[in-house]
Amino acid sequence: MTPILAHTTMKILALDLGKFKTVACIYQRNPDTGDVHEFTTVDTLRTEFTTLIRRYRADVLVFETSTAAGWLADLCDELEQPFLVA
């Protein structure tokens, strides 16, 4: 049985939150042309995250629970960015 998402194009922005720096992975799932990913590092600041969210316009943003998770969730709500917290 083929998973439902096997034929779905999707862009995911995943953040590994750190106290001062955050690693972002932009993952573009495309079953027709192949999956593509890119990594970048940014300062753990609201302005940096706002720029990332607006630049990549991901279908979903994924991040871990941490001390920054609360204000990041609020930022996602403000920018109407769907998100999941692990």
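These numbers were taken from a predicted model, which means no experiment stands behind them.

Trainee: Any details on the overall build of the chain? Residues and values, ideally.
Mentor: If you tally the helices and strands in the chain, you get 2 helices and 5 strands. Starting at the N terminus, the α and β elements of the chain follow one another as β-β-β-α-β-α-β. The C-alpha extent of the chain, read off along each of the three principal axes, is 40 × 20 × 20 Å. Looking at the 86 residues of the chain, the share that counts as buried comes to 30%. The contacts in the chain between residues at least 6 apart in sequence include a share of 36% that link residues at least 24 apart. In the form shown here, the chain has an accessible surface area of approximately 5700 Å², with 56% of it arising from carbon and sulfur atoms.

So, how was this worked out
- Residues numbered from 1 in each chain as written.
- Predicted model: local features only at pLDDT ≥ 70, side-chain atom pairs only at ≥ 80, totals over all residues.
- Heavy atoms only, no water.
- Helix = DSSP H or I, 4+ residues; strand = E, 2+ residues; numbered from the N terminus.
- Buried < 20%, exposed > 50% of the residue type's maximum accessible area, 1.4 Å probe, protein only.
- Contact = heavy atoms within 4.5 Å.
- Areas by Shrake-Rupley, 256 points an atom, 1.4 Å probe, with all protein chains shown as cover.

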